Number of protein chains: 2
Amino acid sequence: MPVAAQIPLSMLVVFASAKLLAEIFERFGQPGIVGEILAGIIIGPHVLGWMELNDVLRILSDLGVMFLLFHVGLEVRASELLKMGGTAVVVAGAGVAVSFFAGWGASALWGAPRIEGIFTGAAMVATSVGITAQVLSSRRLLHTRAAKVILAAAVVDDILGLLVLALVSSMARGPVRYLDIALTAAIAIAFTWFVATFGTRTVRKVMPHVQGRVSLAEGEFALAMTLLFGLSLLAVYAGIAAIVGAFLAGMALGETVDRRVHELTRGVTELLVPFFLVGIGLRFDLSVFATKTVLALAGTIILVAMASKFAACSLASLKMGRPDAFRVGVGMIPHGEVGMVVAQLGLSLGVMPQSVYGIIVFMSMVTTLAAPPLLKLVFRGIGSPRGVDEEIVRVG
Amino acid sequence: MPVAAQIPLSMLVVFASAKLLAEIFERFGQPGIVGEILAGIIIGPHVLGWMELNDVLRILSDLGVMFLLFHVGLEVRASELLKMGGTAVVVAGAGVAVSFFAGWGASALWGAPRIEGIFTGAAMVATSVGITAQVLSSRRLLHTRAAKVILAAAVVDDILGLLVLALVSSMARGPVRYLDIALTAAIAIAFTWFVATFGTRTVRKVMPHVQGRVSLAEGEFALAMTLLFGLSLLAVYAGIAAIVGAFLAGMALGETVDRRVHELTRGVTELLVPFFLVGIGLRFDLSVFATKTVLALAGTIILVAMASKFAACSLASLKMGRPDAFRVGVGMIPHGEVGMVVAQLGLSLGVMPQSVYGIIVFMSMVTTLAAPPLLKLVFRGIGSPRGVDEEIVRVG
């Protein structure tokens, strides 16, 4: 193989297989991202062996998750979030706390070391805004009260998840020193709080002045990218993951920046996110499921993950009435990218065995896969008939 | 420096410095791309030493040039090109032939080996569609007859330049065997011809059928990316550069694909092209200009590059009348990215010394820098007054 072929070959195989499987999954009414992860497993070293994680894919995968979180941040409206106020925060807080301790507890009962238990719990904390929003918007359910609470809570949940990620990543970096953890947590929270409040306000004040004065074509996009890379770098220096900075950069810009920046970012995200998702699949080792013990653990984790989120979030939103509470509970079930990032971190730090990593990724895939049919069930009778028609035509 | 910082740090330093210098250049009415290359020189190992070409930058730079050529291909309208027919082809052909032999001749007179002379000539062949189009459109001159001939000729020129690139790259790959060269040329021309004609027609027929049947969000973009990576890979296997495939993929899609794909591609291009331009600067070694001999050679090359293009293209379009012929001649002066790619190839293959590489890049920069004022001169009195007003306001 000529050296010059490495980049186009890697890109073709990964991108095309990701989109092919995403297309097949979408046809069957399932989220495309599950298909993209599956594509990674299929072309990866344990099944077809067409592709392994080379430098090109590693770099594009890291960039992909950075842009994914930036994109999620861009779509978050801090102002709409505030309207949903209390309920959303209670739902998110309950879901995160119960999931974390349920995951840790299940892991401890299984006899795992404490650090592994903490990582397992942390990996079960985050709800996927992306998947939730995608399902609700494709079914035209975004206008419902339950949908708004789900979205707002999912965002709070994401931020809590990112903080948990910051905490566990500092914990895993050596012997557990509580003062250091508290300090790291304080820096992480301070950084997040500072950027989320002061940063957003500053951007909102400064941007309109800058916008008119830049001569560059697409100057606003250039400024947004600079903020993205700058905050990602600062986040790393603050001891937390680059993606936390990327998310905060997105959130700071979300309400200020021109629609054009969203569009251009969308192009980058469309190109790069498949490399992140396929990268997850490429790291996924199916052979860990060979033993009955691991299979049983996988079953337990999946059950705990779904039951804890559903129970905690439904109970926390019970004052909305039982139907809406059930909708919120189901809407919070899908575990997304952030959980996989935690698991990946645990694996690369050597505190999480390959088997548990595989289970976490599998759990994320199963809960994501379960979301569309479950949401269809609890939302039946609501939503525009056109959405329903399309669904029938597409499946049939 | 933490390992996790490498990606955001490289991206921040390269992207921010590129855009800062582009902004400064734009303010002074100069093309931003010259500023971006200069940014690479300034942050590079020979001036400030902040950054060197690491793996992240090398991969992003390769992707950047791939997307740049894809983007140029997308903007080319094969149909409009045909309307300008004869004149454009004669102008482009004359410009390419005269530049090639003038460059080779100058190099030979200087006593360089034959292969170096051929690479020098080849690096002087291509006119930059990007720069030409950018200058003409920002001055609102795209509607003029001369502008249309320039654009059409620049496209033919680009294709001829890519063929020359294919030829010289195969020549440099070992002992020069004429049968092999003929075969390579035949494969390259056949591949280009096949994709440019049959490919475009196929895409035009197949795309509308596919467009309606894809379930995937942004499915058309996914198809475009797959064609881009696929043709880039095939081009490498056909013995020519990946960017030739990228350009052809763009051209095949240009007239068929939805505006949306252009927009999303623009996002990727905006992000990645600075890495290509800064990469050129990072490879640029100013110390080669230390001797008088090299300085004299640089002066000769720049003079030959500008004079040969201007004379050949003006003479070839003389039937349009002298004012328009002068406009066409000046419009074809800027030497762009493809010439730098040839020079880069020559450098990496070891057939072009660092000094000549530096001169070629310098020549591209000088001819690019000369374009806006020269175009202003020959186009004075034409163009919308608004364009002129803006210019005065921005420069003043």
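Residues numbered from 1 in each chain as written. Chains lettered and ligands numbered in written order. Predicted model: local features only at pLDDT ≥ 70, side-chain atom pairs only at ≥ 80, totals over all residues.

Q: Sorry, what's going on with the overall build of chain A here?
A: Scanning chain A from N- to C-terminus turns up 16 helices and zero strands. Residues classed as buried in chain A amount to 56% of the 396 residues present. Sequence-distant contacts in chain A: of pairs separated by 6 or more residues, those separated by 24 or more amount to 79%. (Helix = DSSP H or I, 4+ residues; strand = E, 2+ residues; numbered from the N terminus. Buried ≥ 20, exposed ≤ 12 C-beta atoms within 10 Å, placed from the backbone. Contact = placed C-beta atoms within 7 Å.)

Q: Quick question: what am I supposed to make of the relation of the copies chain A and chain B here?
A: A rotation about some axis, followed by a shift along it, carries one copy of the chain onto the other. The two copies are related by a screw motion: chain A maps onto chain B through a turn of 180° and a shift of 0.0 Å along the axis, at an RMSD of 0.1 Å. Both chain copies can therefore be described as sitting about a two-fold axis. (Least-squares fit on C-alpha atoms with pLDDT ≥ 70 in both.)

Q: What is the right way to look at the nonpolar core in this model?
A: Generally speaking, soluble globular proteins have nonpolar side chains that are buried together. Ranked by internal contacts, the top residues of the largest apolar core, which has 279 residues, are A:Ala122, A:Ala153, A:Ile243, B:Ala122, B:Ala153, B:Ile243 and B:Ala246. Element by element, the count of residues in this core is highest for helix α7 (residues 145-171) of chain B, at 14 residues. In this structure, A:Ala122 is in contact with A:Phe100, A:Val164, A:Leu165, A:Val168 and A:Val342, ignoring residues within four places of it in sequence. (Core = buried A, V, L, I, M, F, W, Y, C linked by C-beta atoms within 7 Å.)

Q: For this particular structure, what's the right way to read helix α3 (residues 55-75) of chain B?
A: An α-helical turn contains 3.6 residues, so any two residues separated by three or four positions project in the same direction. Taking 1.5 Å of rise per residue, 21 residues should cover 30 Å, and α3(B) covers 30 Å from first to last C-alpha, within 8% of that figure. Within α3(B), 18 of the 21 residues are buried, which leaves the element mostly enclosed by the surrounding structure. (Expected span 1.5 Å × (residues − 1).)

Q: Which parts of the structure should I look at to understand the interface of chain A and chain B?
A: On the side of chain B, 44 residues touch chain A, which itself brings 44 residues to the contact. When residues of the side of chain A that touches chain B are traced back to their parent elements, those giving at least two are α1 (6-27), α3 (55-75), α9 (219-237) and α11 (259-283) of chain A. In terms of residue count, the dominant contributor to the side of chain A that touches chain B is α1(A) (12 residues). Of the residues in the side of chain A that touches chain B, the class split is 26 nonpolar, seven polar and 11 charged. (Nonpolar A, V, L, I, M, F, W, Y, C, P; charged D, E, K, R; others polar.)

Q: Is there a simple way to think about the environment of A:Ile33 in this case?
A: All names here are of chain A. You can see Ile-33 is positioned in helix α2 (residues 32-43). The buried category is assigned to Ile-33, around which 27 C-beta atoms lie within 10 Å. Sequence separation between Ile-33 and Pro-274 is 241 residues; the distance between their C-alpha atoms is 8.1 Å.

Q: Help me understand helix α13 (residues 322-331) of chain B, please; the structure alone is not making it clear to me.
A: Burial runs high along α13(B): eight of the 10 residues are buried. The set of residues buried in α13(B) consists of B:Asp324, B:Ala325, B:Phe326, B:Arg327, B:Val328, B:Gly329, B:Val330 and B:Gly331.

Q: Just to check I follow, could you spell out the environment of A:Ala311 for this structure?
A: Along the polypeptide, A:Ala311 turns up in helix α12 (residues 292-316). The exposure class of A:Ala311 is partly exposed, given the 16 C-beta atoms found within 10 Å.

Q: Got a minute to help me understand the packing of helix α13 (residues 322-331) of chain A against helix α15 (residues 354-378) of chain A in this structure?
A: Each pair of packed helices can be described by the angle between their axes along with the distance between the axes. Residue and element names in this part refer to chain A. Contact geometry for α13 and α15: axes closest at 9 Å, N-to-C directions at 175°. With respect to their mutual orientation, α13 and α15 come out roughly antiparallel. Across the interface between the two elements, Phe-326, Arg-327, Val-330 and Gly-331 of α13 pack against Leu-374, Leu-375 and Val-378 of α15. Looking at the contact of α13 with α15 residue by residue, the classes come out as five nonpolar, one polar and one charged. (Axes fitted to C-alpha atoms, helices over the stretch in contact; angles between N-to-C directions. Parallel < 35°, antiparallel > 145°, perpendicular 65-115°, else oblique.)

Q: Honestly, the packing of α9(A) against helix α10 (residues 242-254) of chain A in this entry has me stumped. Any pointers?
A: All names here are of chain A. Here α9 crosses α10 at 140°, and the two axes come no closer than 7 Å. It follows from the interaxial angle that α9 and α10 lie oblique. Crossing hand, α9 versus α10: right-handed. Within the contact between the two elements, α9 uses Ala-224, Leu-227, Leu-228, Leu-231, Ser-232, Leu-234, Ala-235 and Val-236 and α10 uses Ala-242, Val-244, Gly-245, Ala-246, Leu-248, Ala-249, Ala-252 and Leu-253. Residue classes in the contact of α9 with α10 are distributed as 14 nonpolar, two polar and no charged. (Left-handed = near helix turned anticlockwise from the far one by under 90°.)

Q: I keep staring at the confidence of the model for chain A and nothing clicks. Help me out?
A: Detailed reading of the predicted coordinates is not advisable wherever pLDDT is low. On average, chain A scores 80 in pLDDT, and the residues at 70 or more come to 83%. Under the prediction, the complex receives an ipTM of 0.75, its pTM being 0.76. (pLDDT = per-residue confidence, 0-100.)

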